[in-house]
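Descriptive structure summary
Listed below, chain by chain, are the residues.
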Amino acid sequence: ADLVAAQKERIAGYAKQPMKSPHLSFVSNGVADFWTIAKAGSLAAGKDLGCEVTVVFPGAGLSDQKRMLEDLVIRGIDGVSVSPIDPKNQMEVLNQVAEQSLLITNDSDAPGSARLCYIGMDNYLAGRQCGELARKGLPGGGEVAIFIGRLEQDNAKRRWQGFVDGLLGRSTDAERRDDHTKPFTEGGYTIVGTWTDSFDRAKAKANIEDVMTRHPKLALVTGLFEYNSVLAVEVFRQAGRAGQIKIAAFDEGADVLVGIREGIVLGTVVQDPYGYGYESIKLLHALTQGKLDAIPKDGVMNIPARTITKDNVDTFWSDLKAKLAAGKAAK
Amino acid sequence: MVRTILRTRGIGRRFAGVTALDGIEADVRAGEVLAIVGENGAGKSTLLKILSGVLAPSSGSIEEVDEHGHAHELRLRSVAEATQVGIALVHQELNLAEHLDLAGAILLGREHHRFGWLDLRSMHAEAARWLARVGLDLDPSTLCGSLPIAQRQLVEIAKALSANARILILDEPTSSLSARETDRLLAMLDELRRSGVAIVYVSHHLDEVLAIADRAIVLRDGRMAGTLERASMDRATIERLMVGRDLPPTTARPSLGAAPDRLVVDGVVTSHRRRRPASLVVKRGEIVGLAGLVGAGRTELLEAIAGLGHASGTIMLDGRALSGTMAQRVARGLAIVPEDRARHGLFTLDPVRTNVSMAWLPRGAHVGMVDHAGERDLVDGMITRLRLRPSDPARRVQTLSGGNQQKTVLGRWLAVEPSVLLLDEPTRGVDVGARHDIHEAIRAAATTGCAVLFASSDLEEVLLLADRILVMHDGAIAGELARESATEVAIMGLATGGALEAAR
Amino acid sequence: MRKHWGLLGIFLVVCIVTALYGKNFLTAYNLMNLVQRTALFSILALGVGFVIGTGGIDLSLGSVVCLVGIAVPWLLIEHGWSPWAVVPIVLAGSALIGLGHGLLITRLRLQPFLVTLCGLLLYRGIARWMTGDQSQGFQGEFAELRSIAVGRIPLPGLEAFRLPATTIPLIVLATVAAIFLTRTVWGRWLLATGSNESAARYSGIPTARLVTGAYVACSLLAGLGGMLFIFDVGSAQPSDFGNFYELYAIAAAVLGGCSLRGGSVSVVGIVLGTATLQVLRNSINLLGLGSQLEFAVIGAVLLAGVAADELVRRWHAARLERRGAG
Amino acid sequence: MRKHWGLLGIFLVVCIVTALYGKNFLTAYNLMNLVQRTALFSILALGVGFVIGTGGIDLSLGSVVCLVGIAVPWLLIEHGWSPWAVVPIVLAGSALIGLGHGLLITRLRLQPFLVTLCGLLLYRGIARWMTGDQSQGFQGEFAELRSIAVGRIPLPGLEAFRLPATTIPLIVLATVAAIFLTRTVWGRWLLATGSNESAARYSGIPTARLVTGAYVACSLLAGLGGMLFIFDVGSAQPSDFGNFYELYAIAAAVLGGCSLRGGSVSVVGIVLGTATLQVLRNSINLLGLGSQLEFAVIGAVLLAGVAADELVRRWHAARLERRGAG
Ligand SMILES: Nc1ncnc2c1ncn2[C@@H]1O[C@H](COP(=O)(O)OP(=O)(O)OP(=O)(O)O)[C@@H](O)[C@H]1O
Ligand SMILES: Nc1ncnc2c1ncn2[C@@H]1O[C@H](COP(=O)(O)OP(=O)(O)OP(=O)(O)O)[C@@H](O)[C@H]1O
Ligand SMILES: [Mg+2]
Ligand SMILES: [Mg+2]
């Protein structure tokens, strides 16, 4: 709490003497296309607002993120927007950042830390959207398999739970916890299991293939990380079962969008990584100019997820391409 | 017939800090055996390596002389080039690729092939011929790694012979061969000489040199000490040129009388299939020699006593059973100088100091800490005692000459004052003077009560050193000879199984 | 073959257990998948087999897979190059990488571990930098080209089981490698170099050239493997594509009886080792053990397998000896 | 020391370049971080140094770090055990792991690479299975216990720079290791075993016990390191905590002049090698090169460094030989 106050005090100071060209940073929780789009957003904002932006992607988990945050502080960074991998256990390093600089979170929140604001969506709700998409595509129930890069991080867990609740048509309760290690049946739907792959694509592909082998009656799969969905499309195409097994996708992988167009993917739930990046930098910049009221009242800037289906896929895609091109130009 | 085909002009070779060779002038003639003799570290191996393209000279040059007597310089940049000119070398230190079979090893680099495609059948046939030639009755598809050292030495010789070289260079080819194999080799060399091959021969066994050499070059400290023609060659002259000192007389052996038994070996059967139980006794202060032909089982017996490899039967030391691992037996005062110093003896990348003090360390240690001052004294003492050269304890063993490496291994065990000393070919590759020194050291150890059991293929050494001689044949002890009654003929008779056959 | 009994035993046990207790192990689809994965990984393992044969090691293989796997769609899709240019260029590039390793190791006499560890870092770094960490994929195009890897060849007499196309390069490469190693002079020399370098050099064998050649072959096969992998998977992320593949490849080779001290390589062993690893991973999914257990199970089974193999071998040797004695 | 000139050169060049062109390299905070990271990784590298000294290798170190790093908060927080029980149990467990490796390697004569590769899979698998892939952390508790790793010791005379507490175990361990290796009988025998195992056996050295001891030491230090790492980082995910640490540790040791063929280990070299790697990673961030380039830069600098080192060494040797001539 004192740290939040201290930051606000600093911001008040900036109100008198705005920083000329603040050095701001955007820190992801890993390396993925998702983050590259966010990077494009951050850099675009940097260009629009005339400030220096450093984007870093920790490639090796928690300790890597910690090291990169420490090094940013050493470089004398003025504001940081971070997607903490394991917020409950990262309080110290986050507060250390807040001590020296301005701290906000994106994509995954760190409640209880000294962050000034959270920019992102609720992963539980986004998961629900995906689950509901699946429920609609598979009204009669059936066997469902879930693929996800890994389950340790908070946003993945929430997304997973949201999907399950959405699929099973349960009430909204982000605190519910099912056991992901065991298959279970509810209301005609059987969740045959959840498979992780630690980002090894050949393994992720093999997982989908093996699950098809083990569960011949599989009716629907979901890939809760971008490449999981992409690979599901790939595998079903190769096995000649595209369209027979339904896919409820997450994120905007190119093959997924193609699949939606062709009608072999029910739809996909997309976040707005570009928005995360852009809004992060915009907010941090405003703060360095002393505009304390740029922070929403409850400290959460919600950038909701959207469901993309055959109806809106074309407009979405052309918009995405434009944003990516802008990001490239900003580089 | 006899004409010079290769000549060295003032060849010299320096290594970081040492001059190994200086101003060597040698003629190699077709149809002649040129012997190179000298003490350990005199530079013999270095010279041979230069002649065969392994090393480049630091100064001087090699000339090839054609039929018309025209000389032109020969620059050998690799062994491959030397092979092309018709030069083959048998290395002093054995060097076979363990994963290859005998055919592959013998014909390595000279495989029979058509466009790279191996003709295995003809390779095996040829390898079998060469193996028969050197008296090895082995299947060409045997793996090299499984052979004992003497057989590997014969394989190396077969490999060099099979090159059909114009110039055949042999660096101590007989150092681990027994008399029979040596005789066969000498006969073979004689045959080659007759067919016009030039042979360069290095050996510390002067009788071999006297038997076969047409000329001899004596090296001392890397320089030419003299060249002897056959007519002027005799043992005393060579020794004088080589050593530059007269050897002191050997100490007389005290009579043992009723000394108690120290080492008792009862019905030991080694893991090898053909072996039969062996029993023997060595008394306190006694030196017992084990004689036999290559493969008679001496090495296996010694290793069984040391606890290396599986064996059944009982072994007693001072009345108490000796068992367990080698480390446990060493703690009870056992020591073994292995036959294959490169594989089992030396830490080649380490300095002489650590090599010599290795087994002594726990003795000099206080609460596990090495006594560095004590170590220095010990090593310096051992270097002087064994006349190790160069006398630099920091020298890496790899850069020592073969004989000096042997002294290093020996020094390691003399340093611990063992109660049982097992030696397998203790003076392999050691020069006459040093051999005398080593024998004296062994005698000295025996005088303090140590029981010495040594295996040697050198009959002269067995007769010189042993108080009692056991002869092994085909895995069993074929007979025993007292020092007084032992002769070379008697030993050979037992070693070849004569006595056993006569008994049948 | 005799020395692979142990490994074959592990392989069969895993297969039988999975067939009995798992679901649908023996379906055509699963077998096709298994053959495909084995073929892909075997190509990598064969490459590293050559290097291990010379007594070296190549840790950079996974990164070469990554670099190539990224470069192929990057050049084809992002830069619109023709496949006729991309495939040869990419393969030539991998060969060049191997040449670099070989020269550093033979001329500068650097430790293979160090050189290829730097390679591991460097090539992945290049792939990430080149693409700005953007994942690369074919976006549904180049289906024809990709059929080199994803194609299935109908077999006469078999209906459901069609042979994965990657088996063809594997069979060709394995045969060539086996013939090379056992039947040609250079194969002989390569193994001799690995077994005792100085003996080989003293026999006039161009050891430096052979060692360099082994690294070139290894990187080239890694490049080929990377290309087939990306054809198979369809898209890749520079930061994790091919991660740990070097360990899988080396493990397969070592399981297959190659000694890391050099001098002995068995092509059959390498393929069998790879197959064992792949079947193990597959069986964990089919037995429904859950992906958390995957690592633990593979580790435990391998360890138990090699230990059992060694014990059987000893018992056998002891029996032989006793028989000889009697 | 003489043989570390090359490495020291790389280290200094990287430091100087970063100090000149990077931001705030020479601030107390940054130096404290660097010392902390170097201390943590050096402990791992020291352990693997022993194993490398015997001519073996330990690939399981990263997984032991993971298992211990996960087990400590798991037992403390999830199971509410007392730290007085957890710390000894966890350390004893790591030592047992090492004992297992050692026995499999010396008694069953399995290849170290294979045994520890299985370990790499197995221990990580166990950590993942034990926690159900759930990340583990201290959740702000046990601050006192954690100060073993995160504490900073004020130094007289220095204001801003306080010594990270992990330097204390490092200094103790490095001193003990250095004394052990150069001054004690056991250390000498360990290195002798590494340089020629059978010669060591023929010299009456209990080689099996020494090799086993080296693996125990390595796993024990990995366990200690894992504990300090988790104290430092605060939380860990079973699927990636300690990933690749074995490569970092081995790379540091090899950079520091340990030969993978065994027989030579330098404690100073190991610490210096680790420091170089850490400074390199730090400097990439301080120079603002971006995380994509991290791998590429480390790889390239290391390669250039070792190559330059080798060239200097050669030139020196050539000069010596020439001087020997004069
Ligand atoms: N690589 C090397 N580096 C340094 N010194 C060396 C090297 N090789 C040989 N020497 C030295 O050169 C000298 C001659 O050695 P060489 O091996 O030629 O002796 P040798 O006459 O063959 O002796 P031996 O009869 O013991 O085999 C020795 O002093 C030896 O230490
Ligand atoms: N004819 C043979 N065929 C195959 N192996 C043999 C033969 N002769 C001996 N051996 C091998 O030789 C070993 C026994 O020889 P050992 O080395 O003990 O004998 P040695 O008397 O010391 O002779 P050497 O002079 O060869 O050392 C056994 O391991 C055996 O395998
Ligand atoms: Mg010599
Ligand atoms: Mg013998």
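Here the structure is shown first, and the text comes after it.
Rules behind the numbers
- Residues take numbers from 1 onward in each chain, read along the sequence in its written order.
- By the order in which they are written, chains take letters starting at A while ligands take numbers starting at 1.
- This being a predicted model, a pLDDT of at least 70 is required before a residue's local features are given, and a value of 80 or more before pairs of side-chain atoms are given or counted; all residues contribute to the totals for chains, interfaces and linings.
- Remark: hydrogens and water are excluded; side-chain values derive from all non-hydrogen atoms of the structure.
- Elements are defined by DSSP. Helices are runs of H or I of four residues or more, strands are runs of E of two residues or more, and each kind is numbered from the N terminus.
- Here, residues are in contact when the closest pair of their heavy atoms is within 4.5 Å.
- Water is not part of the atom set, so a site may look incomplete; the donors themselves are N, O and S atoms within 2.8 Å of the metal, or 3.2 Å for Na, K and Ca.
- Note on definitions. A residue lies near a molecule or strand when any single heavy atom of the residue is within 4 Å of it.
- N or O atoms within 3.5 Å of each other form a polar contact, as long as, within protein, one can give a hydrogen and the other can take it, and as long as residues adjacent in sequence are counted only when both atoms are side-chain atoms.
- Under the convention used here, a 1.4 Å probe and the Shrake-Rupley method define accessible areas, while residue burial counts only the protein chains that appear.
- Ten residues, namely Ala, Val, Leu, Ile, Met, Phe, Trp, Tyr, Cys and Pro, are considered nonpolar, four, namely Asp, Glu, Lys and Arg, are considered charged, and the remaining ones, Gly among them, are considered polar.
- Start and end points for every domain follow an automatic or database-based domain assignment.
- The term buried area means the drop in 1.4 Å probe accessible area that two parts suffer when joined, counted for both and summed.
- One bridge is not enough; two strands pair if DSSP finds at least two bridges between them.
- Lines fitted to C-alpha atoms define the axes here, with helix axes fitted over just the stretch in contact, and angles between the N-to-C directions of these axes take values from 0 to 180 degrees.

1. Remarks on the environment of D:Phe50
Residues and elements named next belong to chain D. By the element assignment, Phe50 lies in helix H2 (residues 28-53). Between the C-alpha atom of Phe50 and that of Leu117, which follows or precedes it by 67 residues, the distance is 18 Å. Among residues more than four places away in sequence, those in contact with Phe50 are Ala177, Phe180, Leu181, Leu190, Ala214 and Ala217.

2. Here we look at the coordination of the magnesium ion (ligand 3)
When four donors bind a metal tetrahedrally, each ideal donor-metal-donor angle is 109.5 degrees, and when six bind octahedrally, the ideal angles are 90 or 180 degrees. Taken together, the protein ligands of the magnesium ion (ligand 3) are B:Ser45 (OG) and B:Gln92 (OE1), with distances of 1.9 to 2.1 Å. A residue pair is termed long-range when its members are at least 10 positions apart, and B:Ser45 in helix H1 (residues 44-51) and B:Gln92 in the loop between strand E7 (87-90) and helix H3 (102-106) qualify at 47 residues.

3. Quick notes on the site of ligand 1
Residue and element names in this part refer to chain B. Not every one of the 21 residues close to ligand 1 is listed here, only the nearest: Lys44, Ser45, Thr46, Ser401 and Gly403. Between ligand 1 and the protein, one listed contact pairs an oxygen atom with a side-chain N or O atom of Gln92 at 2.9 Å. Contact between ligand 1 and His204: an oxygen atom at 2.9 Å from a side-chain N or O atom of the residue. Here ligand 1 has 630 Å² of accessible area as a free molecule, and 86% of this is covered by the chains. With three residues, H1 is the single largest residue contributor to the shell around ligand 1. Taken together, the residues that form the shell around ligand 1 break down as six nonpolar, 11 polar and four charged. When we break the shell around ligand 1 down by domain, the ones giving at least three residues each are domain 1 (1-86 + 165-246) and domain 4 (340-417).

4. Here we look at the interface of chain D and chain C
Each partner contributes to the interface: chain D provides 48 residues, whereas chain C provides 48 residues. With both chains or domains summed, chain D and chain C bury close to 4300 Å², and 78% of this area falls on carbon and sulfur atoms. Interface area lost by chain D to chain C is led by D:Leu121, D:Gln292 and D:Phe295, which between them contribute 15%. Inspection of the chain D/chain C interface yields three residue pairs in polar contact (both at pLDDT 80 or more). For the side of chain D that touches chain C, the secondary structure elements donating two or more residues are helix H5 (112-131), helix H11 (245-255) and helix H13 (291-325) of chain D. Element by element, the count of residues in the side of chain D that touches chain C is highest for H13(D), at 15 residues. Split by residue class, the side of chain D that touches chain C holds 33 nonpolar, eight polar and seven charged.

5. Let's talk about the sheet that holds strand E2 (residues 52-56) of chain A
Residue and element names in this part refer to chain A. The six strands lie next to each other as E2-E1-E3-E4-E5-E12, forming an open sheet whose pairing is parallel. Two strands in the sheet have a free side with no partner beyond their single neighbour: E2 and strand E12 (300-302). Along the sheet, successive strands turn relative to each other by an average axial angle of 20°, direction set aside. Packed on one face of the sheet, helix H2 (residues 33-49) meets strand E1 (23-27), E2 and strand E4 (102-106) and runs near 170° to E2. Across the sheet, helix H10 (residues 273-288) lies against E1, E2, strand E3 (79-82), E4, strand E5 (118-120) and E12, angled at about 150° from E1, the strand it touches most.

6. What about the sheet that holds strand E19 (residues 334-337) of chain B?
Residue and element names in this part refer to chain B. Strand order in the open sheet made by the six strands is E19-E20-E21-E16-E22-E23, with mixed pairing throughout. Strands at the two margins of the open sheet, each flanked by one partner only, are E19 and strand E23 (476-482). Averaged over all pairs of adjacent strands, the angle between their axes in this sheet comes to 20°, without regard to strand direction. Judged from the five bridges that link them, strand E20 (residues 420-424) and strand E21 (residues 451-455) form a sheet pairing that is parallel. Bridged to Leu422 within E21 is Leu453. Helix H15 (residues 402-414) contacts E19 and E20 of the sheet and is inclined by roughly 175° relative to E19.

7. Section: the site of ligand 2
All names here are of chain B. In the vicinity of ligand 2 there are 16 residues, among which Gly295, Arg298, Thr299, Glu300 and Glu339 approach most closely. Note that an oxygen atom of ligand 2 is positioned 2.8 Å from one of the backbone N or O atoms of Gly295. When ligand 2 sits alone it has 620 Å² of accessible area, and the protein chains cover 79% of it. Every element with two or more residues in the shell around ligand 2 is listed here: helix H5 (149-162) and helix H9 (298-306). Looking at the shell around ligand 2, the element that brings in the most residues is H9, giving three residues.

Note that every value here comes from positions in space, so none of it alone points to a role or purpose.
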